[in-house]
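Letter by letter, the chains look like this.
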Amino acid sequence: MTKLIAVTAGAIAVATLLAMPANAASPVCGDRTKVLDSLSAKYAEEPVAVGVTANGGVIEVLKAPDGKTWTILFTSPNGASCLVASGEAWQELEVKISGPHA
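Residues numbered from 1 in each chain as written. Predicted model: local features only at pLDDT ≥ 70, side-chain atom pairs only at ≥ 80, totals over all residues. Heavy atoms only, no water.

> What is the right way to look at helix H2 (residues 32-43) in this model?
Residues spaced three or four apart along an α-helix point in a common direction, a consequence of the helix completing one turn every 3.6 residues. Spanning 12 residues, H2 covers 16 Å between terminal C-alpha atoms, matching the ideal 16 Å at 1.5 Å per step. Listing the buried residues of H2 in full gives Val35, Leu36 and Leu39. For H2, the angular spread of buried residues about the axis comes to 95 degrees, placing them on one side. Across from the buried face of H2, at angles greater than 90 degrees, the exposed residues are Lys34 and Ala41. (Helix = DSSP H or I, 4+ residues; strand = E, 2+ residues; numbered from the N terminus. Expected span 1.5 Å × (residues − 1). Buried < 20%, exposed > 50% of the residue type's maximum accessible area, 1.4 Å probe, protein only. Arc of directions from axis to C-beta.)

> Honestly, the pairing of strand S4 (residues 69-75) in this entry has me stumped. Any pointers?
Successive residues of a regular strand alternate their side chains across the two faces of the sheet. Burial analysis of S4 places six of its seven residues in the buried class, the great majority of the element. Two elements, strand S3 (residues 58-63) and S4, share six bridges in a ladder whose sense is antiparallel. Paired with valine 58 across the bridge in S4 is threonine 75. If you look at the hairpin formed by S3 and S4, you'll find five residues sitting between the two strands, and glycine 67 has a positive phi there, around 75 degrees. Relative to strand S5 (residues 81-88), S4 is paired through seven bridges, and the arrangement is antiparallel. (Pairing = 2+ DSSP bridges.)

As structure tokens, then:
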């Protein structure tokens, strides 16, 4: 399940970056610990999924316990952490097993 969420988060992050207009505002970036502390204090968001990108960066999905808010955070190999996307009404999807052993 965690792998599915991480892959989904990565796809969302790429789609979000590709959809941004060239004149879009600069992403909000900062020290990872400070960003996590801020999201925890303001929204009670905590990491629920993580994945490593092809370039060695890390994508994290954070969400509030009630799912009312969520954030996707990207930390680049150089250590900068940037908010990629955020929103409301996070919902877990039911895992559907397929294949010969389903």
